[in-house]
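Overview (structure and organization)
Letter by letter, the chains look like this.
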Amino acid sequence: VQLQASGGGLVQAGGSLRLSCVASGSTVSRFTVAWFRQAPGKEREFVAAIKWSDGSTLHADSIKGRFAISRDRAKKTTALQMNSLKPEDTAVYYCSGSNTVISSARATPNAYAYWGQGTQVTVSS
């Protein structure tokens, strides 16, 4: 399985960005796809996840109400719509995938076997 993330950039606080993750591979239909982010000097943290088969989602409390994860099954694409961005959202954002359940207990990097290359999001104040 390969994951290709795109859509990062520089935006002012309060602005919006939409990240995309294209997945390839025959096992994607059984996957949970997640977005993580990592700011300089910090650990990689969970942002949101979506179960490919039924569209169920999980969002981190820190971004709930501002970010939304979705998927387009036909295009094998997962999107992360980010609104009301804050400077503390600045990080490298990674999409990831694994044949795992969607739950808070599994919202850790160790639960995901496949990773995209990351895309930089910078929010200026």
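Attention here is on the structure that accompanies the text. Since the structure is predicted, the reported quantities are computational estimates derived from the model, not experimental observations.

1. Quick notes on the overall build of the chain
In terms of helices and strands, the chain carries 0 helices and 11 strands. In the chain, the succession of α and β elements from N to C terminus is β-β-β-β-β-β-β-β-β-β-β. Relative to the 2.2 N^0.38 estimate, which gives 14 Å for 125 residues, the radius of gyration of the chain is 13 Å and therefore close to what a compact globule would have. Overall, the C-alpha framework of the chain stretches about 40 × 30 × 25 Å when taken along its three principal axes. Relative to its 125 residues, the chain shows a buried fraction of 42%. Contacts in the chain between residues far apart in sequence, at least 24 positions, make up 57% of those at least 6 positions apart. Split by element, the accessible area of the chain, about 6200 Å² in all, is 47% carbon and sulfur. Separation between the mean location of the 14 positive side-chain charges and that of the 7 negative ones in the chain comes to 8 Å.

2. Overview of the nonpolar core
Trp35, Val47, Phe67, Leu80, Met82 and Tyr93 are the most contacted members of the largest nonpolar core, which totals 34 residues. Put simply, the parts of the chain that give this core at least two residues each are β1 (2–6), β3 (17–24), β4 (32–38), β5 (45–51), β7 (67–72), β8 (77–82), β9 (91–98) and β11 (119–124). Excluding anything up to four places from it in sequence, Val47 contacts Trp35, Phe36, Arg37, Leu58, His59, Ala60, Ile63, Phe67, Leu80 and Tyr93.

3. Quick look at the pattern of salt bridges
Summed over the entire model, instances satisfying the criterion amount to 4 salt bridges. A salt bridge links Asp89 to Arg66; its shortest N-O distance comes to 2.7 Å. Of this pair, Asp89 sits in the loop between β8 and β9 while Arg66 sits in the loop between β6 (57–59) and β7, and the two are 23 residues apart along the sequence. The burial state of Asp89 is the same as that of Arg66; both residues are buried. Residues joined by salt bridges that share partners form a network here, namely Arg37, Glu45, Arg66 and Asp89.

4. A word on the packing of aromatic side chains
How two aromatic rings sit relative to each other is set out by the distance from centre to centre and by the angle between their planes. According to the stated counting rule, one finds 5 aromatic pairs in the structure shown. Taken together, a centroid distance of 6.3 Å and an interplanar angle of 80 degrees make the contact between Tyr94 and Trp115 edge-to-face. Remark: Trp115 occurs in strand β10 (residues 114–115) and Tyr94 occurs in strand β9; sequence separation between them is 21 residues. Members of the aromatic cluster, each reached through a chain of ring pairs, are Phe36, Phe46, Tyr94, Tyr112 and Trp115.

5. Here we look at the environment of Trp52
Assignment of secondary structure puts Trp52 in the loop between β5 and β6. Owing to a relative accessible area of 4%, Trp52 belongs among the buried residues under this scheme. Counting along the chain gives 18 residues from Trp52 to Ser70, while the straight-line C-alpha distance between them is 9.4 Å. Not counting residues within four places of it along the chain, the set of residues in contact with Trp52 comprises Val28, Ser29, Phe31, Val33, Arg71, Asp72, Arg73, Lys76, Thr77 and Thr78.

What counts as what
Residues numbered from 1 in each chain as written. Predicted model: local features only at pLDDT ≥ 70, side-chain atom pairs only at ≥ 80, totals over all residues. Heavy atoms only, no water. Helix = DSSP H or I, 4+ residues; strand = E, 2+ residues; numbered from the N terminus. Rg over C-alpha atoms; globule rule 2.2 N^0.38 Å. Buried < 20%, exposed > 50% of the residue type's maximum accessible area, 1.4 Å probe, protein only. Contact = heavy atoms within 4.5 Å. Areas by Shrake-Rupley, 256 points an atom, 1.4 Å probe, with all protein chains shown as cover. Lys, Arg positive; Asp, Glu negative; His and termini not counted. Charge placed at Lys NZ, Arg CZ, Asp CG, Glu CD. Core = buried A, V, L, I, M, F, W, Y, C linked by side-chain atoms within 4.5 Å. Salt bridge = Lys/Arg side-chain N within 4 Å of Asp/Glu carboxyl O. Phe/Tyr/Trp six-rings, centres within 6.5 Å; stacked < 30°, edge-to-face > 60°.

These results come straight from atomic positions and should not be treated as a statement about function.
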